[in-house]
Amino acid sequence: MHIDLVTLSLVGALQALLLAPLLLAATRAYTGVARQSLRIWGTVLVLQALGWALMGARGQISDWFSIVLANGILMVSYAETARALRLLLGVPPRRGLLAAIGIGGWLGIVWFAQVQPDYPMRVYIATASLGGFLLLLLWPLRHALRPGGSSAQRVMLLVLLGAAAGWFFHLGELVFGDVPAPGLLDATPGNVAQMIYSAMEPVFASVGFLLMYNEMAQAELRRLARTDPLTGTLNRLALDEMAQALFQRATPHSGAVLMIDVDHFKTINDRFGHAGGDRMLAALARGIGGCLRKDDVLGRVGGEEFLVLLPDTGIDDALVLAERLRMAAARLQVVLDGEPQSVTVSIGAAARDATDTEPATLIHRADRALYAAKNAGRNRVATLEATPPAPARDVAECGD
Ligand SMILES: Nc1nc2c(ncn2[C@@H]2O[C@H](COP(=O)(O)OP(=O)(O)OP(=O)(O)O)[C@@H](O)[C@H]2O)c(=O)[nH]1
């Protein structure tokens, strides 16, 4: 079977050229870093189309265009591919390093094309530069290989490894093959493998890129749907899910909850407006969150009420922690209208017992304990469980 490499390179260029306007038009629907990286990606496709079209015209146009210019354009396109992907992944783009690889590779290729013509040397240099670009592309994707890693990133990893394999096959043929230094457009197996892959890569890589963006957007949406925008803690929906999960996981008698309510919060709102109240709530959430252990879960149930889920915790430890949170809240000062202000909180604690078949009954007991704390004068911890609260003097301050 005869495979015409010029046609293949033109098909690749055409695919990239048709895909580019679609992606560039789609950037309007994206925002922030995703928009920026998609724009770079679309531009990369145009550059690759141009580069491969010039390569494919080798022999019909001057070498200055088909080697010097084509390789320059392709180097820019590879560097920009790495930059787009790294931007999307939120890792530093390493522009300096990318530019150094691209410029170094291009100068080498130009030298061995114009000054001291040597085709194998050009392939070695191009492969070395590509290896550099690929490392900068593949390195941030390595986490995808871990169990539970991103499947979209795995697709991208596979596409890039395919590109690397095509290039190294091509290189292997030059080093070990018995073909005496074939030109780029001679239909040797190595050239064919590389050209077929290069022709299809724009489509594969763009699908991988869009899958990655889609996966990240979904994760961000899930995070936003579970986060309280004012305090950054979990919202009620997420708290319910976490409570269910903890309830299923924990053995009976080994989980506790704290219901926390700010005392006389209305007076803060009345004096400093809703915005002042909001600042106080956000600061309280930060203060309380800073006192919790790694596995504890803090969320805002609504208004000025927070819930803390304490896995693997009995009532004694829950009461000690509650006392620590109460003291931390009382110590906290927020400057409102130029003056430091503080509030106190009341806390109801409850620990899971054998009668609790779902989180709701446990949370309800903590809620009733909270009202007991409010009725007893506020700024205190209460529980309906048999164990008495630990005296405040025994409790270390948060951070001690
Ligand atoms: N700034 C702000 N205020 C809120 C928010 N949600 C609820 N509130 C206010 O929180 C206050 C709660 O008032 P109350 O339920 O009377 O309770 P309280 O004044 O804290 O008194 P006690 O709980 O009895 O100590 C009301 O003024 C609500 O408007 C919020 O998201 N931001």
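Because the structure is predicted, anything quoted here is derived from the model rather than measured. (Residues numbered from 1 in each chain as written. Predicted model: local features only at pLDDT ≥ 70, side-chain atom pairs only at ≥ 80, totals over all residues. Heavy atoms only, no water.)

S.K.: Any details on the packing of aromatic side chains? Residues and values, ideally.
M.R.: Counted by the stated rule, this structure contains four aromatic pairs. On the numbers, 5.7 Å between centres and 80° between planes, the contact of tryptophan 64 with phenylalanine 65 is edge-to-face. Residue tryptophan 64 is classed as partly exposed on the basis of its relative accessible area, which comes to 44%. For phenylalanine 65, a relative accessible area of 40% puts it in the partly exposed group. Across the ring face of tryptophan 139, the terminal group of arginine 142 is positioned such that the distance to the ring centre comes to 4.0 Å. Its guanidinium or amino end placed over the ring of phenylalanine 247, arginine 352 lies 3.8 Å from that ring's centre, counting from NZ or CZ. (Phe/Tyr/Trp six-rings, centres within 6.5 Å; stacked < 30°, edge-to-face > 60°. Buried < 20%, exposed > 50% of the residue type's maximum accessible area, 1.4 Å probe, protein only. Lys NZ or Arg CZ within 6 Å of the ring centre and 35° of its normal.)

S.K.: Explain the pattern of salt bridges to me, and be specific about the residues and the numbers.
M.R.: As enumerated under the stated definition, the model contains 13 salt bridges in all. For arginine 300, the salt bridge identified is with aspartate 228, shortest N-O distance 3.1 Å. Residue arginine 300 is found in strand β2 (residues 297-302), and its partner aspartate 228 is found in the loop between α7 (189-225) and α8 (236-249); the two are separated by 72 residues along the sequence. With respect to class, arginine 300 is no different from aspartate 228; both count as buried. A cluster of three or more residues bridged by salt bridges with shared partners is formed by Asp353, Asp356, Arg365 and Glu385. (Salt bridge = Lys/Arg side-chain N within 4 Å of Asp/Glu carboxyl O. Helix = DSSP H or I, 4+ residues; strand = E, 2+ residues; numbered from the N terminus.)

S.K.: Please give an account of a nonpolar patch on the surface that cites residues and values.
M.R.: A contiguous nonpolar surface patch, about 220 Å² in accessible area, is contributed by Leu17, Leu24 and Val46. Within the secondary structure, valine 46 sits in helix α2 (residues 32-56). (Patch = residues over 30% accessible without salt bridge, like charges linked within 9 Å, V, L, I, M, F, W, Y side chains within 5 Å. Areas by Shrake-Rupley, 256 points an atom, 1.4 Å probe, with all protein chains shown as cover.)

S.K.: Could you give an account of the nonpolar core, with specific residues and numbers?
M.R.: Grouped together as the largest cluster of nonpolar side chains are 60 residues, with contacts concentrated most on Trp41, Leu85, Leu141, Met156, Phe209 and Met212. At the level of secondary structure, the elements contributing two or more residues to this core comprise α1 (5-26), α2, α3 (63-89), α4 (95-115), α5 (119-138), α6 (151-176) and α7. The leading source of residues in this core is α3, at 13 residues. Excluding residues within four positions of it along the chain, methionine 212 makes contact with Leu85, Leu88, Leu89, Leu141, Ala152, Gln153 and Met156. With 35 residues, the next largest nonpolar core counts Ile268, Cys291, Ala318 and Val381 among its residues. (Core = buried A, V, L, I, M, F, W, Y, C linked by side-chain atoms within 4.5 Å. Contact = heavy atoms within 4.5 Å.)

S.K.: Describe in detail the packing of α4 against α5, supporting the description with residues and values.
M.R.: Interaxial distance between α4 and α5 falls to 8 Å at its minimum, and their mutual angle equals 170°. Here α4 is positioned roughly antiparallel relative to α5, judged by the angle of their axes. Taking contact as the criterion, the partners of Leu97, Leu98, Ile101, Gly102, Gly105, Gly108, Ile109, Phe112 and Ala113 in α4 are, on α5, Met121, Arg122, Ile125, Ala126, Ser129, Gly132, Phe133 and Leu136. Per-class residue counts for the contact of α4 with α5 are eleven nonpolar, five polar and one charged. (Axes fitted to C-alpha atoms, helices over the stretch in contact; angles between N-to-C directions. Parallel < 35°, antiparallel > 145°, perpendicular 65-115°, else oblique. Nonpolar A, V, L, I, M, F, W, Y, C, P; charged D, E, K, R; others polar.)

S.K.: How would you sum up the site of the ligand? Please name residues and give values.
M.R.: Taken together, 16 residues sit near the ligand, with Phe265, Asn269, Asp278, Arg300 and Arg378 positioned nearest. Side-chain polar atom of aspartate 261 to an oxygen atom of the ligand: 3.1 Å apart, as the coordinates give it. In the environment of the ligand, an oxygen atom lies 2.5 Å from a nitrogen or oxygen atom belonging to the side chain of arginine 300. For the shell around the ligand, the elements supplying multiple residues, two or more each, are β1 (255-262) and α9 (265-290). Here the shell around the ligand gets seven residues from one element, more than from any other, and that element is α9. In terms of residue class, the shell around the ligand is built from three nonpolar, five polar and eight charged. (Near = heavy atom within 4 Å. Polar contact = N/O pair within 3.5 Å; in protein donor to acceptor, adjacent residues only side chain to side chain.)

S.K.: Help me get a handle on the pairing of β1, residues and values and all.
M.R.: Counting buried positions along β1 yields eight of eight residues, so the element is predominantly enclosed. Here β1 shows two buried faces, one formed by Gly255, Val257, Met259 and Asp261 and the other by Ala256, Leu258, Ile260 and Val262. Judged from the seven bridges that link them, β1 and strand β3 (residues 305-311) form a sheet pairing that is antiparallel. Counterpart to methionine 259 in the pairing with β3 is leucine 307. Bridging between β1 and strand β6 (residues 345-351) involves seven bridges; their strand directions are antiparallel. Residue pairing in the sheet places valine 262 in a bridge with valine 345 of β6. (Pairing = 2+ DSSP bridges.)

On their own, these measurements won't tell you what the molecule is for.
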